[in-house]
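Coordinate inspection notes
Chain residues, written in single-letter form:
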Amino acid sequence: QVQLVESGGGLVQTGGSLKLSCAASGRTFSSYPMGWFRQAPGKVRDFVAAISWRGGNTYYANSVKGRFTISRDNAKNTVYLQMNSLKPEDTAVYYCAATRDLRTVLDATAYHTWGQGTQVTVSS
């Protein structure tokens, strides 16, 4: 079983950038497609981005396409989310998660392991 720890969140102005990291423990990290989700206060947890086992396939929510980039380094057991051109509506707690099924990466219920989350706040 993999355990996940996010980092890199913080406060940034509109138009700024942040890079989130998600460090995984365990030797099976490269076996899992990985995803990033976010949850704003009073809202449901939304899909942001996902990446296949070796990084050959990536998926993005329409709201972040062209601004966010997901990547992974299996040698470092880490998945990243580079966030550029940030907007106030990107403010949320960001979670990384692991799934066994690449076919359902947009579905939060398909993910079996979650990190604790990292807060991203974009000021206007």
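For the structure, see preceding data.
Basis of the calculations
- Residues numbered from 1 in each chain as written.
- Predicted model: local features only at pLDDT ≥ 70, side-chain atom pairs only at ≥ 80, totals over all residues.
- Heavy atoms only, no water.
- Helix = DSSP H or I, 4+ residues; strand = E, 2+ residues; numbered from the N terminus.
- Buried < 20%, exposed > 50% of the residue type's maximum accessible area, 1.4 Å probe, protein only.
- Contact = heavy atoms within 4.5 Å.
- Polar contact = N/O pair within 3.5 Å; in protein donor to acceptor, adjacent residues only side chain to side chain.
- Pairing = 2+ DSSP bridges.

Description of the environment of I70
- With respect to the helices, strands and loops of the structure, I70 is situated in strand β7 (residues 68–73).
- Since its relative accessible area comes to 3%, I70 is described here as buried.
- Contacts of I70, omitting those with residues within four sequence positions, involve M34, W36, A49, A50, I51, T58, Y60, V79, Y80 and L81.

So, the side chain of T118
- The topology assignment puts T118 in strand β11 (residues 118–123).
- One polar contact links the side chain of T118 to the main-chain amide nitrogen of G9, over a distance of 3.2 Å.

A closer look at the environment of T104
- As for its placement among the helices and strands, T104 is situated in the loop between β9 (92–99) and β10 (111–114).
- For T104, a relative accessible area of 29% puts it in the partly exposed group.
- Taking the C-alpha atoms as reference points, T104 and P33, separated by 71 residues in sequence, lie 10.0 Å from one another.
- Apart from residues no more than four positions distant in its own chain, T104 is found in contact with A110 and Y111.

A word on the pairing of β7
- Across the two faces of β7 the burial differs, with F68, I70 and R72 buried and T69, S71 and D73 not buried at all.
- Pairing of β7 with strand β8 (residues 78–83), which is carried by six bridges, proceeds in the antiparallel orientation. The partner of S71 across the bridge, within β8, is Y80.

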